[in-house]
Amino acid sequence: MSLEQQRRHIIFGGRVQGVGFRYRSYYLARQYKLTGWVQNLWDGTVEMEVQGPEALINKLIQGLAQGSFIHITSMDTKRIPLEEDERSFKMLN
């Protein structure tokens, strides 16, 4: 398991609003001790910044894809600089 810390900015497309996506993100992130935030966007996508070990970020994404009503059809992902003082994962809006 890779323990290298990284931060990713991700835009999820598909059936990701109104299906518990943010709620599931929040609880999975807390379970894996990841930090960051998640929010709905006006165009029906969901935006997330998540930080932690690469392997645990990948587990979070796998867990989201297994949600009963969630259907991810696209993910625009890029690595961004770490937020050194961040201590939690938040659900915005």
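A few points on the structure. (Residues numbered from 1 in each chain as written. Predicted model: local features only at pLDDT ≥ 70, side-chain atom pairs only at ≥ 80, totals over all residues. Heavy atoms only, no water.)

## Points about the sheet that holds strand E5 (residues 89-91)
Read from one edge to the other, the open sheet built from five strands follows the order E4-E1-E3-E2-E5, with strand pairing classed as mixed. Each having just a single partner strand, strand E4 (71-80) and E5 make up the two edges of the open sheet. Across the sheet, the mean angle from the axis of one strand to that of its neighbour is 20°, orientation sign disregarded. As paired strands, strand E2 (residues 35-40) and E5 are joined by three bridges and run parallel to one another. Within the sheet, the bridge partner assigned to Trp37 lies in E5 and is Lys90. Contacts between helix H1 (residues 21-31) and the sheet are confined to strand E1 (5-15), E2, strand E3 (46-53), E4 and E5, with E5 contributing the most and set at about 165° to the helix. Strands in contact with helix H2 (residues 54-65) are E1, E3 and E4; relative to E3, the strand with the most contacts, it is inclined by about 145°. (Pairing = 2+ DSSP bridges. Helix = DSSP H or I, 4+ residues; strand = E, 2+ residues; numbered from the N terminus. Axes fitted to C-alpha atoms, helices over the stretch in contact; angles between N-to-C directions. Contact = heavy atoms within 4.5 Å.)

## Quick notes on the side chain of Ser25
Among the structural elements, Ser25 can be located in helix H1. We classify Ser25 as buried; its relative accessible area is 0%. Within polar-contact distance, the side chain of Ser25 engages the backbone oxygen of Phe21 at 2.8 Å. Ignoring anything within four residues of it in the chain, the contact list for Ser25 reads Val38, Met48, Leu60, Leu64 and Phe89. (Buried < 20%, exposed > 50% of the residue type's maximum accessible area, 1.4 Å probe, protein only. Polar contact = N/O pair within 3.5 Å; in protein donor to acceptor, adjacent residues only side chain to side chain.)

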